[in-house]
Structure formats: structure tokens, C-alpha cells
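Structural description and commentary
So you can see what is in the structure, the chains are spelled out below.
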Amino acid sequence: MNAHPPVASCLPTFRDVEAAARHVSRYCIETPLLESPYLNQQYGGRLLVKAENLQVTGSFKLRGAANRMRVLTDEERRRGIVARSSGNHGLAVAYCAGLMGISAVVVVPDTAPAAKIERIAAYGARVVAVPMKDLANVAADVTQRENRVLVPPADDFWVVAGAGTVALEMVTQAAAMRARIDVLLTCCSGGGLTAGCLLGLSETSPATQVYGVEAAGFEKMAHSLAAGQCVDLPAGGQSICDAISGLYMAKLPFDIIKPRLAGTFAVTDEQAKAAMRVAFSEFGLAIEPGAAVALAAVLTHKMPLDGRTIAVTLSGRNTDLNLAGAALQEPRTTARRA
């Protein structure tokens with residue numbers, strides 16, 4: 001049975017995350033929660049990594065896309081959908097659209113990694129590449145001109161609820177490891193994952209503090225929290241962390257995050273690359289730069305372990321092989337306690 005999303009003023013709750021978990025399992029896998037005894041020893045606590053890079057389309061974005069698209073009405077499915085994305089959300093939407101027999105258009109920045117664009121097209125979506133500053137406007141224009149349905153990357157009730165299933169899994173997995181998560185660090189751009197995890201933890205682990213980790217130069221969340229309202233960024237910045245270097249702060253996630261988030265950190269490109277190397281050497285995981293920032297915040301002691309249990313999201317793996325190879329070939333700094 002199809003259902004329309006709630007009105008725009010309505011925010012999802014823990015119950016909506018629970019409902020999402022029951023539905024997205026058709027499209028998503030339960031990704032592992034891992035730890036390294038070596039890193040625990042070196043940093044003085046327990047570091048748990050949620051390997052969303054192993055998700056079917058290579059990132060956590062599949063959870064939100066699958067949850068949003070399941071509530072499309074029959075009429076909306078016939079019209080088709082539009083997504084704007086730096087790549088991972090577009091991959092997730094294109095994948096779901098192909099399984100559901102829905103026509104999809106994905107508007108991407110012309111700086112998006114070729115690996116992401118190629119895979120979006122391979123799933124059957126039409127790709128429209130534009131300058132980053134034009135992303136939202138072009139997506140809105142295609143939506144209106146072709147009478148399609150827009151599936152936002154973060155600013156959506158169902159997308160946020162779907163993202164929250166990451167936290168539900170983590171709490172259950174941590175308990176099986178006899179761990180209680182003191183702090184969760186999320187890779188943060190528009191805020192969908194961070195907001196969803198706050199909801200997912202609200203009843204399962206309410207004492208867990210949540211911090212958002214952004215790419216240096218793209219601190220939308222930090223600026224928005226300081227201003228008390230959503231702050232978008234001007235065009236022009238550069239970062240290898242393409243997955244989290246968008247310009248737009250999503251309002252619905254921000255409304256959830258504003259009263260609950262413990263704080264934010266920013267990570268440089270070099271720190272992200274160092275975290276990519278650690279993810280590979282300690283966990284055998286390939287991740288993209290934007291997915292490495294939460295891990296980097298621990299490795300650089302922005303958030304010291306100090307005898308606590310800290311969980312981090314490794315949010316995706318989709319990056320060009322040349323960039324990943326270059327990052328992995330650079331010398332690794334030995335991990336040490338602060």
C-alpha cells in the first residue's frame with residue numbers, strides 16, 4: 001500500500017526509524033561493526049567502526065533512498081523521480097529505481113568522481129552534470145519541467161528515518177560485543193545521517209553523545225549551529241571529500257540536530273587520507289575520503305578515546321581508484337596516544 005509523506009512541518013521520530021528498519025532490509029544489508037585491538041591499545045579505549053562502505057551501493061545512502069521510494073504512490077512511480085547528489089545518494093536512488101522499474105534522473109556536480117557517475121548510469125538513470133552552484137536549481141527545474149518527484153539527499157522525512165537504521169544496528173551490535181557506545185561520530189554534510197542516528201539512539205542509547213564531523217572548509221553544520229538557523233555555503237571551495245562537500249544545509253535534519261548535537265569537528269584532506277590508510281591497514285576496508293572524516297577525528301585526537309567506547313561511521317567507499325591508490329601509497333603515521 002502506498003502512503004504519502006507527512007506534511008513538511010512534521011519531524012520523524014524513533015518509531016519511524018523502527019518502521020524503516022522493517023522495510024529497508026529488502027534492499028540493504030546489515031553492515032558489520034568492527035574494532036581493532038591494536039588501535040584500542042594505541043588510543044586507550046574501544047574504537048568501533050560501522051562499515052557502511054560495505055552497503056550494497058557502497059554507502060549508507062541506500063537506507064534513506066529505499067525508505068523514501070517505498071512510499072511513492074503508483075502515480076508518482078509513473079511520473080518518475082529526480083535526485084541531486086554528489087554521487088552516493090544518486091547511486092542509491094538509481095539502484096532502487098532500477099529494481100522498482102521507475103524512471104530516474106540524477107543531477108550531479110561536474111566535479112563528481114567518474115566512478116560514481118559511471119555506476120549511476122549503469123543502474124539505468126539519466127545523468128545530468130552541472131556546476132556545483134547550479135545543482136539545486138537544475139534539479140528543481142528538471143523536476144518541474146518533466147513533472148517528476150524530487151527525492152532529496154537529506155531534507156526528507158523518510159530519508160532521515162532510513163538513515164537512522166544505521167544507529168539501530170550499531171546499538172544492537174555493540175551490545176553483542178559487550179560494549180555501550182559513549183560517543184558516536186558521524187560523517188556530516190547535509191545532516192541526514194547525523195539526524196537519523198540521533199533519532200535511532202534516542203530510545204536505544206539516549207546517553208550516547210553524537211558529534212558531526214565535516215570537511216574543513218565545508219562546515220555547514222558548525223556555521224548553522226552558531227547562527228541558530230540553516231546556513232548554506234558559497235560556491236568555490238575545494239576538497240577531496242566530495243561526498244560531504246555540498247553547499248546546502250538541510251532544514252529538516254537541522255531541526256532535529258539543533259537541540260541534540262553535542263558538537264562538531266572539521267577534518268582536513270590530509271587527515272582524511274591518513275584515516276583511509278588506517279581503515280585499509282587495520283580493517284581491510286576501502287573507503288572514500290568523505291567517509292573517513294569521523295575516523296580521522298579520533299586518530300587526530302580531536303575526540304580522544306580516554307577509556308571510553310567511541311563509534312564512528314565509515315559512510316561510503318565510492319571513489320576513483322587513482323585517488324584511493326594515491327592516498328594509500330602515502331606514508332602512514334604511527335598511531336600513538338595523545
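Residues numbered from 1 in each chain as written. Predicted model: local features only at pLDDT ≥ 70, side-chain atom pairs only at ≥ 80, totals over all residues. Heavy atoms only, no water.

1. Description of the side chain of serine 239
With respect to the helices and strands, serine 239 occurs in the loop between helix 11 (220–227) and helix 12 (251–257). There is a polar contact of 3.0 Å between the side chain of serine 239 and the backbone nitrogen of cysteine 241. Of the polar contacts made by the side chain of serine 239, one reaches the side chain of aspartate 269; its length is 2.8 Å. With residues up to four places along the chain from it excluded, the contact list for serine 239 reads Ala215, Phe218, Ser245 and Asp269. (Helix = DSSP H or I, 4+ residues; strand = E, 2+ residues; numbered from the N terminus. Polar contact = N/O pair within 3.5 Å; in protein donor to acceptor, adjacent residues only side chain to side chain. Contact = heavy atoms within 4.5 Å.)

2. Focus: unusual backbone geometry
Look at asparagine 147: it is not a glycine, yet its phi comes out positive at around 55°. The phi torsion at histidine 301 lies on the positive side, around 65°, for a residue other than glycine. Inspection of the secondary structure assignment puts histidine 301 in the loop between helix 14 (293–299) and strand 10 (309–314).

3. Some remarks on the pairing of strand 7 (residues 183–187)
For strand 7, the buried fraction is high: five of the five residues fall into the buried class. Here strand 7 shows no split at all, with Val183, Leu185 and Cys187 on one side and Leu184 and Thr186 on the other all buried. In terms of strand pairing, strand 7 meets strand 8 (residues 209–215) through five bridges, oriented parallel. What sits directly across from leucine 185, in strand 8, is tyrosine 211. Each parallel crossover has a hand, and the one from strand 7 via helix 10 (residues 192–204) to strand 8 is right-handed. (Buried < 20%, exposed > 50% of the residue type's maximum accessible area, 1.4 Å probe, protein only. Pairing = 2+ DSSP bridges. Right-handed = clockwise from strand over helix to strand, strands pointing away.)

4. A look at the UniProt feature "domain: Tryptophan synthase beta chain-like PALP" (unreviewed entry) in the chain
UniProt's feature table lists "domain: Tryptophan synthase beta chain-like PALP" (unreviewed entry) at residues 27–316, given in the numbering used throughout. With 43% helix and 17% strand, residues 27–316 has end C-alpha atoms that lie 16 Å from one another. (UniProt positions renumbered as here; feature names shortened; annotations may be inferred.)

5. Describing the nonpolar core
Grouped together as the largest cluster of nonpolar side chains are 50 residues, with contacts concentrated most on Leu47, Leu185, Val213, Val293, Leu295, Ile310 and Val312. It is helix 14 that contributes the most residues to this core, seven residues altogether. Residue contributions to this core reach at least three from each of two domains, namely domain 1 (14–59 + 157–328) and domain 2 (62–151). Beyond its immediate sequence surroundings of up to four residues, valine 312 is in contact with Leu47, Leu48, Val49, Lys50, Leu184, Leu185, Ala294, Leu295 and Val298. (Core = buried A, V, L, I, M, F, W, Y, C linked by side-chain atoms within 4.5 Å. Domains from an automatic or database assignment.)

6. Quick word on the side chain of serine 315
The residue serine 315 is located in the loop between strand 10 and helix 15 (321–329) in this model. Every residue in contact with serine 315, bar those within four places of it in the chain, is listed here: Glu52, Asn53, Gly58, Ser59, Phe60, Cys187, Leu193, Gly290 and Ala291.

7. As for a nonpolar patch on the surface
A surface patch of nonpolar side chains, about 200 Å² in accessible area, is lined by Ile29, Leu54 and Val56. Within the secondary structure, valine 56 sits in the loop between strand 2 (46–51) and helix 3 (61–69). (Patch = residues over 30% accessible without salt bridge, like charges linked within 9 Å, V, L, I, M, F, W, Y side chains within 5 Å. Areas by Shrake-Rupley, 256 points an atom, 1.4 Å probe, with all protein chains shown as cover. Salt bridge = Lys/Arg side-chain N within 4 Å of Asp/Glu carboxyl O.)

8. Notes on the domain arrangement of the chain
Taken domain by domain, the chain holds domain 1 (14–59 + 157–328) and domain 2 (62–151). Inter-centroid distance (C-alpha atoms) of domain 1 to domain 2 is 23 Å. Taken together, the 32 residues of domain 1 in the interface contact 24 residues of domain 2. Buried area between domain 1 and domain 2, both sides added, is near 2400 Å², and the carbon and sulfur share of it is 61%. Linking domain 1 to domain 2 there are four salt bridges. Put simply, lysine 116 and aspartate 242 hold a salt bridge, and the shortest N to O gap is 2.7 Å. Joining domain 1 to domain 2, the criterion identifies 11 residue pairs in polar contact (both at pLDDT 80 or more). Put simply, the parts of the chain that give the side of domain 1 that touches domain 2 at least two residues each are helix 1 (14–24), helix 8 (157–163) and helix 9 (165–176). Here the element with the most residues in the side of domain 1 that touches domain 2 is helix 8; it accounts for five residues. (Buried area = accessible area lost by both parts, 1.4 Å probe.)

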